Amino acid sequence: MLQATPVALLDGVTVTYGQATALDSIDLTIDRGEIIGIIGESGAGKSTLLNVLDAVETPSAGRVLVEGTDPTELSARERRLLRRRIGMVFQGFNLLSNRTVRQNIALPLKLQRRRDPALIAELLDYVGLGDYADRYPAQLSGGQLQRVAIARALVTRPGLVLCDEPTSALDTRTTEDILTLLADTRRDFGTTIVLVTHELDAVGAICDRAAVLENGSLMSVFPIAPSARERPRETSYLAHARRVLGA
Amino acid sequence: MNDLLESFAANADEIGIALAETGFMLAFSLAAAVLIGLPLGVMIFLTRPGGAQQSTPLWSVANLYVTVVRSFPFLLFVVFLIPLTRALYGTTFGTGAATFPLCFVGVAIYARLVEQILLEVPPGILQAARSMGASSAQTVVSFLLVEARSGLVYALTSAAISLISYSTVLGIVGGGGLGDFALRYGYQEYDYGLMYSTIVIVIVCVLLLQTAGEKVSAALDRR
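Note that the coordinates shown come from a computational prediction; the quantities given were computed from them, not determined experimentally.

**Observations concerning the overall build of chain A**
Okay, so step 1: Along chain A, the regular secondary structure elements total nine helices and nine strands.
Okay, so step 2: A compact globule built from 247 residues would reach a C-alpha radius of gyration of about 18 Å, and chain A, at 18 Å, matches this within 12%.
Okay, so step 3: If you line up chain A on its principal axes, its C-alpha atoms span 55 × 45 × 35 Å.
Okay, so step 4: Put simply, chain A has 247 residues, and 51% of those count as buried.
Okay, so step 5: A separation of at least 24 residues holds for 70% of the contacts in chain A among residues at least 6 apart in sequence.
Okay, so step 6: Carbon and sulfur atoms provide 48% of the accessible area of chain A, an area that totals close to 11,500 Å².
Okay, so step 7: Positive and negative side-chain charges of chain A, numbering 28 and 30 respectively, have mean locations separated by a distance of 8 Å.

**Some words on the packing of aromatic side chains**
All names here are of chain B.
Okay, so step 1: One pass over the structure, following the stated rule, counts 12 aromatic pairs over all chains.
Okay, so step 2: Seen from their ring centres, Tyr-65 and Phe-104 are 6.5 Å apart, and the 50° between their planes marks the pair as tilted. Taken as a pair, Tyr-65 in helix H3 (residues 56-71) and Phe-104 in helix H6 (residues 95-119) lie far apart in primary sequence, 39 residues in all.
Okay, so step 3: A relative accessible area of 22% means that Phe-104 is categorised as partly exposed.

**Examining the environment of Met132(B)**
Okay, so step 1: For Met132(B), the location among the structural elements is in the loop between helix H7 (123-131) and helix H8 (136-167).
Okay, so step 2: Spatially, the C-alpha atoms of Met132(B) and Thr56(B) are 27 Å apart, while their sequence positions differ by 76 residues.
Okay, so step 3: Among all residues touching Met132(B), those that are not within four sequence positions of it are Arg84(A), Leu107(A), Pro108(A), Leu111(A), Arg152(A) and Phe143(B).

**So, the sheet that holds strand S7 (residues 192-197) of chain A**
Residue and element names in this part refer to chain A.
Okay, so step 1: The strand order across the open sheet built from six strands is S5-S6-S7-S3-S8-S9, with neighbouring strands paired in mixed fashion. Looking at strand neighbours, the two that pair on one side only are strand S5 (86-89) and strand S9 (217-223), the edges of this open sheet. Taking each pair of neighbouring strands and ignoring which way they run, the sheet shows an average axis angle of 20°.
Okay, so step 2: Across the face of the sheet, helix H5 (residues 142-154) comes into contact with S5 and strand S6 (160-164) while running at roughly 170° to S5.

**Describing the pattern of salt bridges**
Okay, so step 1: Evaluated as defined, the whole model comprises nine salt bridges over all chains.
Okay, so step 2: The closest approach of N and O atoms between Asp221(B) and Arg223(B), which form a salt bridge, is 3.0 Å.
Okay, so step 3: Of the residues examined, Asp221(B) reaches a relative accessible area of 29% and is grouped as partly exposed.
Okay, so step 4: A residue is classified by how much of its surface remains accessible, and Arg223(B), at 58% relative accessible area, is exposed.
Okay, so step 5: Taken together, the shared-partner salt bridges in this structure form one network comprising Asp184(A), Arg187(A) and Asp188(A).

**Some details on the pairing of S9(A)**
Every other side chain in a regular strand lies on the same face of the sheet, so the side chains alternate between the two faces.
Residues and elements named next belong to chain A.
Okay, so step 1: With six bridges connecting them, strand S8 (residues 209-214) and S9 associate as antiparallel partners. Counterpart to Glu-214 in the pairing with S9 is Ser-217.
Okay, so step 2: The turn joining S8 and S9, which pair antiparallel and follow one another in sequence, is formed by two residues; a positive phi near 50° is taken by Asn-215.

**Digging into the nonpolar core**
Okay, so step 1: In terms of nonpolar packing, the biggest core is built from 75 residues, with Leu10(A), Leu28(A), Val194(A) and Phe143(B) touching the most fellow members.
Okay, so step 2: Here this core gets 11 residues from one element, more than from any other, and that element is H8(B).
Okay, so step 3: Aside from chain neighbours lying at most four places away, what touches Phe143(B) is Leu96(A), Leu107(A), Leu111(A), Ile125(B), Ala128(B), Ala129(B), Met132(B), Ala134(B) and Gln138(B).
Okay, so step 4: Ranked by size, the runner-up nonpolar core spans 41 residues in total, among them Leu119(A), Ile120(A), Leu124(A) and Leu154(A).

**Re helix H4 (residues 117-126) of chain A**
Residue and element names in this part refer to chain A.
Okay, so step 1: Along H4, the residues that are buried comprise Leu-119, Ile-120, Leu-123 and Leu-124. Angularly, the buried residues of H4 cover 140° about the axis, an arc narrow enough to put them on a single face. For H4, exposure combined with an orientation more than 90 degrees from the buried face picks out Pro-117, Ala-118 and Asp-125.
Okay, so step 2: Immediately beyond the C-terminal end of H4, within one or two residues, lies Gly-128, with a positive phi of roughly 75°.

**Examining the environment of Glu122(A)**
All names here are of chain A.
Okay, so step 1: Take Glu-122: it is sitting in helix H4.
Okay, so step 2: Since its relative accessible area comes to 46%, Glu-122 is described here as partly exposed.
Okay, so step 3: Counting along the chain gives 25 residues from Glu-122 to Arg-147, while the straight-line C-alpha distance between them is 13 Å.

**Let's talk about the interface of chain A and chain B**
Okay, so step 1: At the interface, 23 residues of chain A touch 20 residues of chain B.
Okay, so step 2: Per-residue buried area on chain A facing chain B is highest for Leu96(A), Asn98(A) and Leu111(A); these three make up 31% of the total on that side.
Okay, so step 3: Run the count over chain A and chain B and you get zero salt bridges.
Okay, so step 4: Connecting chain A to chain B are 11 residue pairs in polar contact (both at pLDDT 80 or more).

**Description of the confidence of the model for chain B**
Segments scoring low in pLDDT should not have their predicted coordinates read at a detailed level.
Okay, so step 1: Mean pLDDT for chain B: 93, with 100% of residues reaching 70 or above.
Okay, so step 2: Taken over the whole predicted complex, pTM reads 0.89, whereas the ipTM for its chain interfaces reads 0.89.

**Observations concerning the layout of surface pockets**
Okay, so step 1: By volume, the largest pocket is sized at about 580 Å³.
Okay, so step 2: Along the wall of the largest pocket there are 24 residues; nearest its centre are Arg83(A), Ala52(B), Gln53(B), Arg130(B) and Ala134(B).
Okay, so step 3: Of all the secondary structure elements, the ones that give two or more residues to the lining of the largest pocket are helix H2 (76-83) of chain A together with helix H2 (12-47), H7 and H8 of chain B.
Okay, so step 4: Here the residues of the lining of the largest pocket are counted per class, giving 10 nonpolar, eight polar and six charged.

Basis of the calculations
Residues numbered from 1 in each chain as written. Chains lettered and ligands numbered in written order. Predicted model: local features only at pLDDT ≥ 70, side-chain atom pairs only at ≥ 80, totals over all residues. Heavy atoms only, no water. Helix = DSSP H or I, 4+ residues; strand = E, 2+ residues; numbered from the N terminus. Rg over C-alpha atoms; globule rule 2.2 N^0.38 Å. Buried < 20%, exposed > 50% of the residue type's maximum accessible area, 1.4 Å probe, protein only. Contact = heavy atoms within 4.5 Å. Areas by Shrake-Rupley, 256 points an atom, 1.4 Å probe, with all protein chains shown as cover. Lys, Arg positive; Asp, Glu negative; His and termini not counted. Charge placed at Lys NZ, Arg CZ, Asp CG, Glu CD. Phe/Tyr/Trp six-rings, centres within 6.5 Å; stacked < 30°, edge-to-face > 60°. Pairing = 2+ DSSP bridges. Axes fitted to C-alpha atoms, helices over the stretch in contact; angles between N-to-C directions. Salt bridge = Lys/Arg side-chain N within 4 Å of Asp/Glu carboxyl O. Core = buried A, V, L, I, M, F, W, Y, C linked by side-chain atoms within 4.5 Å. Arc of directions from axis to C-beta. Buried area = accessible area lost by both parts, 1.4 Å probe. Polar contact = N/O pair within 3.5 Å; in protein donor to acceptor, adjacent residues only side chain to side chain. pLDDT = per-residue confidence, 0-100. 1 Å grid on protein atoms, 1.4 Å probe; cavity = no way out; pocket = protein on both sides within 12 Å on 5 of 7 lines; lining within 4 Å. Points joined across faces, edges and corners; volume = space filled by probe spheres on them. Nonpolar A, V, L, I, M, F, W, Y, C, P; charged D, E, K, R; others polar.

This is the structure:
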């Protein structure tokens, strides 16, 4: 794995809203090509951390470097341009319902006045939706929608993709498919992936490291144990239900 | 029934003219609604407290305009605008001059409807726009208006129907139109048959507009 400059570097990053501290002096390095899980309960600061990495949130104190630049030194317009180099995948997919699958994937390029039909076709096949290019989101299942969203995040060939609870709206089987797709993305494109989630299974399945947030503080960053990879591969929904419910 | 047909036939030309006058007033005020009301509604949405481009001065002025025009009794609004109408048109009388106050109302009605529809667009769409580094103009054109388009068409239909209703008052400044015709040739001439049949024409026009609006709106909706 390339160990050149880190994709992102946080040094004593603090974010406060009035009296409330959302992030408290976070030190974190995100290496190129890794998949890192950011875990914690609701309100732990996961989303704020993601917004800092996406140059949406400006720290009250500390220093951030994303893709080699400090967002706080940029103008609003330059921050917008930086955001174009970072992919984002959401829990609720956030696709345009009045645009086809193909148009949704092309949208980030269109905003940059670029066209690349060949790349879009390639990505459609990559996420397994080659036959769905001209469908509308309302005609797709949750897992398919998230595949479209991932293709959309990858179309600008970003070095960094931020995922905000990407599997929390999906069922178990679909979650596994989406996690596999994210792991493949890193393998095939070398994309660095930040996976924010409260689902420990998801982190165990594909992440190299986990960063644990609690009340805005980074409690620990540790490598994922190999045993966490070996999740029971259920052959059916019944087998899954039996394992979880103990019937 | 024969009386009705006779009086209808005798006034066919006048009815045709009245229909054209209503169409003229509606076309211009709708054009104003789309060209000025739509951007104004978008601006109110973006600059509102907590909006993407929050700006209290802009929002306050635009919001005040919409509220004042919409709460003004329309007949008094027409009278209130007379000095401005005279300054612009050189006259305060006739269909052209009468269209002027109607445009103000069209802009105000549609701006408010646009704001309401944009508030219904899921916040995730704006989140997506931000994450893709979309500019404000791109956010409006490539995200907000795309997702809101069927609602915007439907709202324009409602605005058009309200404007037909408002336009009936414009006889007071010689605006003409179907409402004025029904009042002068029907009501004031004690020809109630003619009055009611003119009202039926208005109702048919509204029904046609409503049906067309629903069809276009549904065709644009992929949700």
